[in-house]
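Breakdown of the fold
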Amino acid sequence: MSLYSNHAGNPKVKTMRNSIIFIALLLFALATIFPIYFMFISALGDPVEAGAVSYSIFPTKVSFASFKFFFDYSEYSYRWLLNSLIVAATVTVSNVIFASMAGYAFSKLRFKGRGFLFGLLLMSMMIPYQVTQVPLYILVVNVFNLQDTYSALIMPGLVTVYNIFLAKQFMSSIPNEIMESAKIEGCSQFQIYIRIILPLSKTVMAVMAILTFMDSWNTFFWPLLVTNTMEMQTIQVGLKNFRFANTTYIAPMMAGATISALPMFVLFFSLQKYFLEGVTVGAVKG
């Protein structure tokens, strides 16, 4: 007996089952989309204090005053967006380059201690992110004295173990015969990496770019730790400046959150083809 039956002989049961699945998926989709929808309609309200905000599911008034308030409130509003873009773009590019190089080395090159080093990397993935923040902060701020700089924001995320693991697993599926043919033609290891491995790894590189950019752009805790001035804050940290001791400017904060979410949508929809291919890689054999 199979786990999933199409109920070909009983159309009523099939219709009922499909209806239940559709309703469950619809409810899940609505629960997922609702926070984004609420953020957007809240951003269309007037820039008033939290105590004067009237919450509603449907917008009673459409106004872009909160978006103007967001940029007029602080002279650093544009700088926050620029800082996030610089940090996220740099971290994304460095991860794609270094993780793909490490993945190629671990998947295709034979050297002493390869298994031990890769196992060590996998063990480091088991350490919670929060545990490493204190020693990392001491190293960056007290030892290297990099507080409130782009280096402090970028260096800890230059390459992640997860991206190395992702690249290694994908490149392991590339047939070794292709590399052997390239060696016969006189290609060096670097030429094989540039001319053969990278073109065949566009899918996994796009997945790494999407995930890394999203993670770096949305990071709040680390930029909060290593930045002291409003000039060096990222957009996620800058949004906290709309919250005060006694009140919060909800609509301008939501307007800033809406603006900060736009790059995520643009990046995902522009690379969704590669992202969906990366999700299904290895799922079908033959």
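Residues numbered from 1 in each chain as written. Predicted model: local features only at pLDDT ≥ 70, side-chain atom pairs only at ≥ 80, totals over all residues. Heavy atoms only, no water.

1. Topic: the nonpolar core
Tyr-104, Ile-164, Met-171, Ile-192, Ile-197, Met-205 and Met-208 are the most contacted members of the largest nonpolar core, which has 22 residues in total. Of all the secondary structure elements, the ones that give two or more residues to this core are helix H3 (77-108), helix H7 (161-171), helix H8 (176-184), helix H9 (189-200) and helix H10 (202-218). Setting aside anything within four residues of it in sequence, one finds Met-171 in contact with Ser-100, Gly-103, Tyr-104, Ser-107, Lys-108, Ile-197 and Ser-201. (Core = buried A, V, L, I, M, F, W, Y, C linked by side-chain atoms within 4.5 Å. Buried < 20%, exposed > 50% of the residue type's maximum accessible area, 1.4 Å probe, protein only. Helix = DSSP H or I, 4+ residues; strand = E, 2+ residues; numbered from the N terminus. Contact = heavy atoms within 4.5 Å.)

2. With respect to the side chain of Ser-107
Of note, Ser-107 is situated in helix H3. Separated by 2.7 Å, the side chain of Ser-107 and the backbone oxygen of Gly-103 make a polar contact. Within the structure, the side chain of Ser-107 is placed 3.3 Å from the backbone oxygen of Tyr-104, a separation counted as a polar contact. The contacts of Ser-107, once residues within four sequence positions are left out, are Arg-114, Lys-168, Met-171 and Ser-172. (Polar contact = N/O pair within 3.5 Å; in protein donor to acceptor, adjacent residues only side chain to side chain.)

3. Considering unusual backbone geometry
Generally, phi is negative for residues other than glycine and the peptide bonds are trans, each holding for most cases. Its identity as a non-glycine residue notwithstanding, Asn-145 has a phi of 55 degrees, on the positive side. In the Ramachandran plot, Asp-148 falls in the positive-phi region, its phi being about 65 degrees despite a non-glycine side chain. Here Asp-148 is to be found in the loop between helix H5 (133-143) and helix H6 (150-154).

4. Quick word on the packing of H8 against H9
Their axes nearest at 10 Å, the elements H8 and H9 cross at an angle of 140 degrees. Judged on the interaxial angle alone, H9 and H8 are oblique. Viewed along their axes, H8 and H9 form a crossing whose handedness is right-handed. Residue-level inspection shows Ile-178, Met-179, Ala-182 and Lys-183 of H8 in contact with H9, the latter providing Gln-189, Ile-192, Ile-196 and Leu-200. Of the residues contributing to the contact of H8 with H9, the split by class is six nonpolar, one polar and one charged. (Axes fitted to C-alpha atoms, helices over the stretch in contact; angles between N-to-C directions. Parallel < 35°, antiparallel > 145°, perpendicular 65-115°, else oblique. Left-handed = near helix turned anticlockwise from the far one by under 90°. Nonpolar A, V, L, I, M, F, W, Y, C, P; charged D, E, K, R; others polar.)

5. Quick look at a nonpolar patch on the surface
A grouping of Val-93, Ile-97, Phe-98, Met-101, Met-155, Leu-158 and Val-159 is seen on the molecular surface, where their side chains present a nonpolar patch of about 580 Å² in accessible area. By secondary structure assignment, the location of Ile-97 is in helix H3. (Patch = residues over 30% accessible without salt bridge, like charges linked within 9 Å, V, L, I, M, F, W, Y side chains within 5 Å. Areas by Shrake-Rupley, 256 points an atom, 1.4 Å probe, with all protein chains shown as cover. Salt bridge = Lys/Arg side-chain N within 4 Å of Asp/Glu carboxyl O.)

6. Considering helix H2 (residues 65-73)
Every buried residue belonging to H2 is among Ser-66, Phe-67 and Phe-70, and all of these are buried. Buried residues along H2 cover an arc of 105 degrees about the axis, so they all sit on one side. Turned more than 90 degrees from where H2 packs its buried face, Lys-68 and Asp-72 sit exposed. (Arc of directions from axis to C-beta.)

7. Looking at the pattern of salt bridges
In a structure, side chains of opposite charge can pair up when their charged atoms sit close to one another. With the rule as written, the count across this model stands at two salt bridges. Across the pair Lys-68 and Asp-72 runs a salt bridge whose closest N-O atoms are separated by 2.6 Å. On the criterion of helical spacing, the pair formed by Lys-68 and Asp-72 is a turn pair, its members being four residues apart in helix H2. Here the two residues Lys-68 and Asp-72 agree in accessibility, since each one is exposed.

8. Points about the side chain of Lys-168
Assignment of secondary structure puts Lys-168 in helix H7. Of the side chains with opposite charge, Glu-177 comes closest to the buried, unpaired Lys-168, at an N-O distance of 16 Å. Contacts of Lys-168, omitting those with residues within four sequence positions, involve Gly-103, Phe-106, Ser-107 and Phe-118. (Lys, Arg positive; Asp, Glu negative; His and termini not counted.)

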